[in-house]
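Structure at a glance
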2 protein chains.
Amino acid sequence: MRDIETMVETVAKQARQAARTLAGASGGNKNKALEIMANLLIERSADLKRENKIDLIAAEKNGLTSAMIDRLRLTDKVIAGMADGLRQVAALPDPVGEITEMKPRPNDLKIGRMRVPLGVVGIIYESRPNVTADAAALCVKSGNAVILRGGSEARYSNRAIAAILAQGLSDAGLPQAAVQFIDTTDRAAVGALLKCNEFVDVIIPRGGKGLIKRVMEDSTIPVIKHLDGICHTYIDRYADLQMAENIAFNGKMHRTGVCNATETLLVHKAVANEFLPRITNLLSDSGCEIRGCEQTRDLSGASISVAQATDEDWRTEYLEAILSIKVVASLDDAMNHIEKYSSRHTEVIVTDNHNRAMRFLREVDSSSVMVNASSRFSDGFEYGLGAEMGISTDKLHVRGPVGLEGLTSLKYIVMGEGQVRG
Amino acid sequence: MRDIETMVETVAKQARQAARTLAGASGGNKNKALEIMANLLIERSADLKRENKIDLIAAEKNGLTSAMIDRLRLTDKVIAGMADGLRQVAALPDPVGEITEMKPRPNDLKIGRMRVPLGVVGIIYESRPNVTADAAALCVKSGNAVILRGGSEARYSNRAIAAILAQGLSDAGLPQAAVQFIDTTDRAAVGALLKCNEFVDVIIPRGGKGLIKRVMEDSTIPVIKHLDGICHTYIDRYADLQMAENIAFNGKMHRTGVCNATETLLVHKAVANEFLPRITNLLSDSGCEIRGCEQTRDLSGASISVAQATDEDWRTEYLEAILSIKVVASLDDAMNHIEKYSSRHTEVIVTDNHNRAMRFLREVDSSSVMVNASSRFSDGFEYGLGAEMGISTDKLHVRGPVGLEGLTSLKYIVMGEGQVRG
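What counts, and where the lines are drawn
- Residues numbered from 1 in each chain as written.
- Chains lettered and ligands numbered in written order.
- Predicted model: local features only at pLDDT ≥ 70, side-chain atom pairs only at ≥ 80, totals over all residues.
- Pairing = 2+ DSSP bridges.
- Helix = DSSP H or I, 4+ residues; strand = E, 2+ residues; numbered from the N terminus.
- Contact = placed C-beta atoms within 7 Å.
- Nonpolar A, V, L, I, M, F, W, Y, C, P; charged D, E, K, R; others polar.
- Axes fitted to C-alpha atoms, helices over the stretch in contact; angles between N-to-C directions.
- Least-squares fit on C-alpha atoms with pLDDT ≥ 70 in both.
- Parallel < 35°, antiparallel > 145°, perpendicular 65-115°, else oblique.
- Left-handed = near helix turned anticlockwise from the far one by under 90°.

1. Some words on the pairing of strand β2 (residues 110–117) of chain B
Residues and elements named next belong to chain B. The pairing of strand β1 (residues 99–104) with β2 spans four bridges and is classified as antiparallel. Paired with Lys103 across the two strands is Ile111, which belongs to β2. Count of turn residues in the β1/β2 antiparallel hairpin: five residues, of which Asp108 carries a positive phi of about 70°. Pairing of β2 with strand β16 (residues 408–419) involves eight bridges; the strand directions are antiparallel. Among the inter-strand pairings, Met114 is bridged to a residue of β16, identified as Lys411.

Structure follows, in structure tokens:
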């Protein structure tokens, strides 16, 4: 236990040291490192696959599901994808060093802000080894040192990938310790990392709800996270019902296992008569199970069995082909339901009424609020961030998809010519 | 204990409810409330002074120092100052609802961000009752509900001020519960507030280091704070020494008891011979005690007694007329010292060399970094924020002086015309 703590603290100290150097590195230098990393991943793909094999054999022995084993597998295609990801991040504009809002004060001091790295980012993740490359690339590009703690089931793969990334840094003349991998399966390492306040600036957990919860509870370091995505699509009385059908169906069924899938559909009572039979038939034909309020059950397609939705349903992120539906009496009623049950990820209104759209945008307190678009668009790539570290449902620092900007902060800079306070 | 928890939770729940209404309130309506509050403070100044008297009598009985009693006292002038403060906040632009960066994506979705209130702000403060009005005004203007927990020594004064503020809200048609005061001297109330994660979005402590530390340790809610201000002024080898003298002297002596006062002076060895006798004589003549490194002691004015600075000195926020001085061998040496000992509040370089100024701005990791200006300028009013809730030395969310913007966050808004993901 003591040994693990010492090991983690050593890693964190080295990261802090490396972060200082990386913060001052030029964009060109960081991009060079990312390019070298991408090339090395391809060059050494045989080594990667050999290490990955060790994880795969252990996974089979430990009885992981075939879906889990699939996610673990490093094929040439997956490796090429990682390399592409690194190159895409290299191609993004460097967020660091941007100076904004530089304005003169009456005493002629020029005061503005400079975008700078956060410092040291700790990433705790599960399963897919490609997260190692993706997450590290975003950190390096934004000038942060990163400490990676992957799941034990991918230990050999993650270690091999991290070693290549560190090599890339070193080949580009940057400190290797800017990408470090905590190489132990001892879970105490996570606990130790979450207490390294002196050296680590932010923790980003990526994985299932259990992992996120544990990190939230144990971390004394600020955490950027989202716990779950209970996203709502509200069909207003002034909705174009064909559009509403498309958006509701796409929000739920385009991909069901993701955080931006719609989990609850709210339908204004004035259109429930017409809309509910249409949407429930469509969903049911695609194999979607429906749970609804009393009115939903009355108005759904005749041949469809709709279970009574419980309070628990409104609180549930199904992550599969199940949708809860509720008829609401008004826009306020819909927003009250969202206020009560939403996880503050993404909410959608479908309406042709301008004032109601604006009210929804203004008053709904979620990280993404949309008018007439599928909840599935809530995503860093779709938003044009070029990359995504995850999605934040918190309010402080960064909300919604987290790209490079979310990994930086703004410090004040003051340029004077000898001014003193009188 | 249970009762206190229930009471605090009730307050927090009401605040959350009020926050929803306030978030949707127009700027005009919020300003009207602030104007009414200002008028009421003046109108009821006799009541305020009567309540204040109860606190003053208790303070004398409890043996508070005369400085503390002075800070506690509500005179007509102090009350007029509070009213002016409210009017100044009313005159600031409304930060809420601003939509920025709205850009079309290739699928013609328009994606941008809207500035919105954080929700519920908990403020825990000591002594000066005018904080009650100042802090509440910033929260109301930024659309946040506020829960105030002042020190027990100002209980009657704070309660009376908070009641007037709540009255102002109500007279303007806004929910009274948007400004609430926790009316108990039981310290358990603070503990309970710090655990109200479900209803409170951010905690802002204002007061001594003991208070801030306690809040940091006990809060499960994000905290915006600064712990201390160990600010450095570095005199580079290329400094204009007259300018350096003005800035160093002003940074230390303009006001010694404040967080942006310079506590450590770093002097490049190439100018130490010339600069140290000048600055130490000047400081000493003004009654400033000096503690220095070996070289500083050798080079200080002959008649000045300079104690040997210890490691503890470099870590100390004196908050009085004491300055520690160290001679450094290089710019890097200066930045290393800052990295090791700074509290990340404010650091200053005095130099005529452009490249060294830019390196210092880029590489020093503090909330404010300055070239050729006194550290005393690190302040929301001096920065033109129009108001200040405090100063953050944290990196996430908000760094440096916290004005209205720091009390808001950006959510993504997406405007579509029926787009779905393909």
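2. A word on the interface of chain A and chain B
Facing the 53 residues of chain A at the interface are 54 residues of chain B. Counting only elements with at least two residues in the side of chain A that touches chain B, the list comes to α1 (2–23), β2 (110–117), α10 (241–253), α15 (354–363), β13 (368–373) and β16 (408–419) of chain A. Broken down by element, the side of chain A that touches chain B gets its largest block of residues, 11 residues, from β16(A). In terms of residue class, the side of chain A that touches chain B is made up of 23 nonpolar, 18 polar and 12 charged. In the sheet, β13(A) pairs with β16(B) via five bridges, with the strands oriented parallel. When the sheet's bridge partners are listed, A:Met370 is paired in β16(B) with B:Val414.

3. Let's talk about the sheet that holds strand β3 (residues 120–125) of chain A
All names here are of chain A. Spatially, β5-β4-β3-β6 is the arrangement adopted by the four strands of the open sheet, whose pairing is parallel. Of all strands in the sheet, those bounded by a partner on one side alone are β5 (179–181) and β6 (202–206). Geometrically, the sheet is characterised by an average inter-axis angle of 20° between neighbouring strands, direction not taken into account. Pairing between β3 and β6: five bridges, direction parallel. In the strand pairing of β6, Gly122 is matched with Ile203. The strands touched by helix α7 (residues 155–171) within the sheet are β4 (145–149) and β5, with β5 carrying the most contacts at an inclination of about 160°. Contacting β3 and β6, helix α9 (residues 209–218) runs over the sheet at an angle of about 160° to β6.

4. Digging into the relation of the copies chain A and chain B
Overlay of chain A on chain B (RMSD 0.1 Å): rotation 180°, translation along the axis 0.0 Å. Overall, the copies show the geometry of a two-fold rotation axis. Residue A:His397, judged by its C-alpha, is the member of chain A lying nearest the rotation axis, at 1.7 Å. A shared interface surface links the copies, since 100% of the contact residues of chain A are contact residues in chain B too.

5. Considering the packing of helix α6 (residues 130–141) of chain A against α7(A)
Residues and elements named next belong to chain A. Two elements in contact, α6 and α7, have axes whose closest approach is 8 Å; the angle formed by their N-to-C orientations is 30°. Taken together, α6 and α7 sit at an angle that is classed as roughly parallel. α6 and α7 meet at a crossing whose hand is right-handed. Each of Thr132, Ala133 and Ala136 in α6 lies in contact with α7, whose residues at this interface are Asn158, Ile161, Ala162 and Leu165. Here the residues of the contact of α6 with α7 sort into five nonpolar, two polar and no charged.

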